[in-house]
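Close look at the chain arrangement
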There are 2 protein chains.
Amino acid sequence: MSDDTKALVRSTALRLFRERGYAATTMRAIAQEAGVATGNAYYHFASKDHLVQELYLDVTREHAVAARAVLAQGGDLTARLRGVMLAGVDAFAEYHAFGAEFVTVAIRPGSAASPFSAESGASRELSQSVFRELVEGASPAVPAGLREELPELLWLAQLGVTLFWVYDGSPGQRRTRTLVEGIAPLIGRLVRLSRLPVLRGAADDVLALVKAVRS
Amino acid sequence: MSDDTKALVRSTALRLFRERGYAATTMRAIAQEAGVATGNAYYHFASKDHLVQELYLDVTREHAVAARAVLAQGGDLTARLRGVMLAGVDAFAEYHAFGAEFVTVAIRPGSAASPFSAESGASRELSQSVFRELVEGASPAVPAGLREELPELLWLAQLGVTLFWVYDGSPGQRRTRTLVEGIAPLIGRLVRLSRLPVLRGAADDVLALVKAVRS
DNA sequence: GTGTTCAGTTGAACATGTTCAACTGACTGC
DNA sequence: GCAGTCAGTTGAACATGTTCAACTGAACAC
């Protein structure tokens, strides 16, 4: 019954998270709703954070599907970035009421739900691969010097947009959409300009900085 | 005795936070160490978050003093930004072991300790005023078009650096210092370049975006 | 058949943030 | 003087994440 129980706890938890948010969903409620003892949930999931991590995986998958549909249409870097980011806003929209709570959990460095944690590896890989496809399939092509680092930078930008989204109380997250509409062409323009001699130095600095900081 | 008690609880809490971190400092321990009942701490501070907010205020004040000493030396935008940001890394260094916990608390949108919260108004104003002085006193002067918005953007950049700092496990937060050493001249360069015709459009886009997003 | 093992399960126990009804004592109005 | 008020204070009670010793039953060895 182990696998069944684990799946049951998982789906029950995700449903309650969607219905009630993070704080209002107690471990006791999850266990009771799933018809198991409290301690049993802990046998299958080390903590409440690990259950939230499962929710992230779900949402990331939804976003990846929507994003790939957008990417299949081709387009230049700006259009593709805009499409993928807006798909993200749409995919997350359902959770906006509780988004704040969840991001709180996610940002805690030690948390299993952190986008940088080992436990989030699956979500992170999936999400980053979408941004790799975004960059690689752009036409006109992204300058060679940037092609390697840009996907990860765009993934970080997406995290930043998500952080903004959390604080965005406007109806339908209009401000976040405005941010995406503005930031996508801005990034597209800067990437194009990075080829010009005046900006070549700045572009190199950015790449050198990314490498220096990473090591 | 109210004011005395409040000050006593405050200072006891800050001491324990510094000694033990956030999670390991229980409200009961604070109250006991201060020689008052648990409930009494709650009479003076609505929540544990509100006590953390007091810690932020302390740290922000230390940073402001150090930053102003740097700014008194003059310099161009790059030098001033570098100095202020490094002063921040130094001011926070003492708390790095527990920084992650505290930022977790700070980033929760509803939290009193959030840098955007009403309760953090005093810290925020103080910190932003430092960045205003940074921009206004820079020589050569910052282009007029940017002078108004730049301070807040730099303040946001500082929040970003702080977020990076939280995840920075390198000894002495070397990676964060590398980031600052790289990002200060980069921002300085972009601000200088913003006057050039090629970048004028991008600079205007940034400002327009900031305004659109804010409203 | 009998004993052993062990993944899976149980529910009570624990620590901690927070709430609350009750108490205290200084000050006020008369 | 005396009753009343109310800021300040108390400690028990509550809810919740998490832990843990004990139990169950199926699979396996002999």
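Small disclaimer: the values here were computed from a predicted structure and weren't measured. (Residues numbered from 1 in each chain as written. Chains lettered and ligands numbered in written order. Predicted model: local features only at pLDDT ≥ 70, side-chain atom pairs only at ≥ 80, totals over all residues. Heavy atoms only, no water.)

**Some thoughts on the side chain of Asp58 of chain B**
All names here are of chain B. Inspection of the secondary structure puts Asp58 in helix α4 (residues 48-71). In this structure Asp58 comes out as buried when scored by relative accessible area, which is 18%. Those residues in contact with Asp58 that lie beyond four places of it in its chain are Arg10, Leu14 and Arg18. (Helix = DSSP H or I, 4+ residues; strand = E, 2+ residues; numbered from the N terminus. Buried < 20%, exposed > 50% of the residue type's maximum accessible area, 1.4 Å probe, protein only. Contact = heavy atoms within 4.5 Å.)

**Some words on the packing of aromatic side chains**
Evaluated as defined, the whole model comprises twelve aromatic pairs over all chains. Measuring from ring centre to ring centre gives 5.1 Å for Tyr167 of chain A and Phe116 of chain B, while their planes differ by 65°; the resulting arrangement is edge-to-face. With Tyr167 of chain A in helix α9 (residues 150-167) and Phe116 of chain B in the loop between α6 (96-107) and α7 (121-136), the pair connects residues from two separate chains. On the basis of relative accessible area, Tyr167 of chain A is assigned to the partly exposed category, the value being 26%. Residue Phe116 of chain B is classed as partly exposed on the basis of its relative accessible area, which comes to 42%. One aromatic cluster is present, built from ring pairs that chain together Phe17, Tyr22 and Phe102 of chain A. Positioned above the aromatic ring of Phe45 of chain B, the side-chain terminus of Lys6 of chain B is 5.5 Å from the ring centre. (Phe/Tyr/Trp six-rings, centres within 6.5 Å; stacked < 30°, edge-to-face > 60°. Lys NZ or Arg CZ within 6 Å of the ring centre and 35° of its normal.)

**Some words on the protein's contact with DNA strand D**
The local shell around DNA strand D holds 18 residues, among which Arg28 and Lys48 of chain A together with Ser2, Thr5 and Tyr43 of chain B are the closest. Taking the atoms of DNA strand D that fall within 4 Å of the protein, sugar and phosphate contribute 63% of them. Here Tyr42 of chain A contributes a side-chain N or O atom positioned 2.9 Å from a phosphate oxygen of DNA strand D. Contact between DNA strand D and Ala37 of chain B: a phosphate oxygen at 2.8 Å from a main-chain N or O atom of the residue. (Near = heavy atom within 4 Å. Polar contact = N/O pair within 3.5 Å; in protein donor to acceptor, adjacent residues only side chain to side chain.)

**Comments concerning the domain arrangement of chain A**
Residue and element names in this part refer to chain A. One can read the domain layout of chain A as domain 1 (1-45) and domain 2 (47-214). When each unit is reduced to the centre of its C-alpha atoms, the spacing between domain 1 and domain 2 is 30 Å. On the domain 2 side, the residues contacting the 16 residues of domain 1 number 16 residues. Here domain 1 and domain 2 share an interface that buries about 1,500 Å² over both sides, 65% of which is from carbon and sulfur atoms. (Domains from an automatic or database assignment. Buried area = accessible area lost by both parts, 1.4 Å probe.)

**Some words on the protein's contact with DNA strand C**
Close to DNA strand C lie 18 residues, the nearest being Ser2, Thr5 and Tyr43 of chain A together with Arg28 and Lys48 of chain B. Within 4 Å of the protein, the contacting atoms of DNA strand C are 62% sugar and phosphate, with bases supplying the remainder. Ala37 of chain A has a polar backbone atom sitting 2.8 Å from a phosphate oxygen of DNA strand C. Within the backbone of Met27 of chain B, one N or O atom sits 2.8 Å away from a phosphate oxygen of DNA strand C. Where the surface near DNA strand C is concerned, the elements lending two or more residues are α1 (2-20) and α3 (38-44) of chain A together with α2 (27-34) and α3 (38-44) of chain B.

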